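Examining the three-dimensional arrangement
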Amino acid sequence: MGNYVASVEEISELKQFETFYKPIHGYLAACVCVFGVLANILNIVVLTRKNMLTSTNVILTGLAISDGLTMALYFPWALGMYIINGVEARPSRDTYQLAQFQMAYAIMSVIVHSVSIWLTVTLAVFRYVFIRFPRRGVRLCNIERAKTACGIVVAAVLFVCLPNSLTYEIVGENYNITLKDGSYVNGTVYWVDVKSATGFWEVFKNLNFWVQAIFIKLLPCFLLTVFSLLLLKTMRDAEKRRKRLLNKVPLSDGESGALSSGSNTGKKIKKTSRSNRTTRMLLTVVFMFIITNTPQGILSVLSGLIDEFFHNVYMPLGDLLDIMTLLNNGINFVLYCTMSKQFRETFIKIFVKKSTGANNGVRKTTTYITAQDTQATRDSDV
């Protein structure tokens, strides 16, 4: 589509932002990664408890594993490329060994992050089917099918990302520079680049770029947007049904906001309300993903359509896009704790009550909580 025509001011401002933010990015990213890895470990521990075993939580567990691996891979990258060796290219920093790590990171990070992306899509699909078709949803979205779906996602991502792993190569270039103190630095700097020396690799590179841009970035964001809108509509319909049911509850059952435990209508209302809370939490997870990943998808596509856009716009914003993705990978623990009563109570039971030495009274309370959690499990709530 021709060269990207940008004003000197635009390029200058983006370059200034890159120069300002790059030294900060390494330390910020390292802190986010440490928090995110620990948070996702806690997610896995809580979500794999017996009373938490649901199809939704199976997918959330897979999401926690892939998010945790994404951040675990980024942490040494941040240390090596930003903190320990600084951000300026030089022979002592950009060694062949570091380039080998860069290549492994480039391949593995795309795979695990892509798994996270498509597990988020799977989560939205499962939740929509479950609340849109409640009776069939229990059968269609059971635990075994959730595990199968996670396995299919991993296998499909490995297949789609295989071409990406074949496109990288390590290149080197002589580096000669005189420093401000008058000393002369001479050596070779190495980095990872995309193969394009021959016509075949040029075509292969372009094909791989569009596969990654469409199937790893744009398509998931589009699907998540569609299913989010469908979920919101279904939730509104469910809320209307809940209000109609409330109007049918006898006054003796509904005084002071309480519902008779023996009332079928009361049970339906409680179940609908609990399901809506779970859906709101999962929608928040999906919305966070859309907000943090859509800009990267759009910029990636524009980089393929417009010459020089990648170097003039995408690259200066690359670190900012990375930190947005990392924040999204690490924030789910906070969302679960603040929006899911069952997750919060299970977390307290595991990490707080055990550490404080629960007495008999506390154990009775724990048994009661577990009984409540089991009921929530049957309803496929988090």
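Since the model is a prediction, treat every value here as computed from it, not as a measurement. (Residues numbered from 1 in each chain as written. Predicted model: local features only at pLDDT ≥ 70, side-chain atom pairs only at ≥ 80, totals over all residues. Heavy atoms only, no water.)

Another point: the overall build of the protein chain. Of regular secondary structure, the protein chain possesses 12 helices and 2 strands. Going from the N terminus to the C terminus, the protein chain shows its helices and strands as α-α-α-α-α-β-β-α-α-α-α-α-α-α. By residue count, 42% of the 382 residues in the protein chain fall in the buried class. Taking the intrachain contacts of the protein chain between residues at least 6 apart in sequence as the baseline, contacts between residues at least 24 apart amount to 77%. For the protein chain, the accessible surface area stands at approximately 20,200 Å², while carbon and sulfur atoms represent 64% of it. (Helix = DSSP H or I, 4+ residues; strand = E, 2+ residues; numbered from the N terminus. Buried < 20%, exposed > 50% of the residue type's maximum accessible area, 1.4 Å probe, protein only. Contact = heavy atoms within 4.5 Å. Areas by Shrake-Rupley, 256 points an atom, 1.4 Å probe, with all protein chains shown as cover.)

Let us now look at the packing of helix 2 (residues 55-83) against helix 3 (residues 96-132). At a minimum axis distance of 9 Å, the contact between helix 2 and helix 3 shows a crossing angle of 155°. One finds that helix 2 runs roughly antiparallel with respect to helix 3. For the pair helix 2 and helix 3, the crossing hand works out as left-handed. Residue composition of the contact of helix 2 with helix 3, grouped by class: 18 nonpolar, 12 polar and 2 charged. (Axes fitted to C-alpha atoms, helices over the stretch in contact; angles between N-to-C directions. Parallel < 35°, antiparallel > 145°, perpendicular 65-115°, else oblique. Left-handed = near helix turned anticlockwise from the far one by under 90°. Nonpolar A, V, L, I, M, F, W, Y, C, P; charged D, E, K, R; others polar.)

Bringing helix 9 (residues 309-330) into the picture now. Owing to its 3.6 residues per turn, the α-helix aligns residues three or four sequence positions apart on the same side. With 22 residues, helix 9 should reach 32 Å at 1.5 Å per residue; the first-to-last C-alpha distance of 30 Å fits that figure. At Gly318, helix 9 is deflected by roughly 50°, the largest bend along its length. (Expected span 1.5 Å × (residues − 1). Bend = angle between axes of the 7 residues up to and from the residue.)

Turning to the UniProt feature "transmembrane region" (unreviewed entry) in the protein chain, a few remarks are in order. This chain's UniProt record puts "transmembrane region" (unreviewed entry) on residues 24-46, 58-84, 104-126, 146-166, 209-232, 281-303 and 323-339. In residues 104-126, helix accounts for 100% and strand for 0%; the two terminal C-alpha atoms are 33 Å from one another. Annotation note: span residues 146-166, helix share 95%, strand share 0%, distance between end C-alpha atoms 31 Å. (UniProt positions renumbered as here; feature names shortened; annotations may be inferred.)

A few words now on a positive patch on the surface. On the surface, Arg132, Arg136, Arg139, Arg145, Arg236, Lys240, Arg241 and Arg244 cluster together to form a positively charged patch. Going through the elements one at a time, helix 4 (134-140) and helix 6 (199-248) are the ones with two or more residues in the positive patch. Ranked by residues supplied to the positive patch, first place goes to helix 6 with 4 residues. Topologically, Arg145 is positioned in helix 5 (residues 143-165). (Patch = residues over 30% accessible without salt bridge, like charges linked within 9 Å, V, L, I, M, F, W, Y side chains within 5 Å. Salt bridge = Lys/Arg side-chain N within 4 Å of Asp/Glu carboxyl O. Lys, Arg positive; Asp, Glu negative; His and termini not counted. Charge placed at Lys NZ, Arg CZ, Asp CG, Glu CD.)

Moving on, we get to the packing of helix 2 against helix 5. Packed helices, taken two at a time, are described by their axes: the angle between them and the distance between them. Interhelical geometry of helix 2 versus helix 5 gives an angle of 25° and a closest axis separation of 8 Å. One finds that helix 2 runs roughly parallel with respect to helix 5. Between helix 2 and helix 5 lies a crossing of right-handed hand. Along its contact with helix 2, which presents Ser55, Val58 and Ile59, the element helix 5 presents Ile143, Ala146, Lys147 and Cys150. Residues that form the contact of helix 2 with helix 5 fall into these classes: 5 nonpolar, 1 polar and 1 charged.

Here we come to the pattern of salt bridges. The tally for this structure, following the rule as stated, stands at 4 salt bridges. The partner of Glu202 in a salt bridge is Lys205, with the nearest N and O atoms 3.4 Å apart. Taken together, the residues span about one helical turn, with Glu202 and Lys205 both in helix 6 at a distance of 3 residues.

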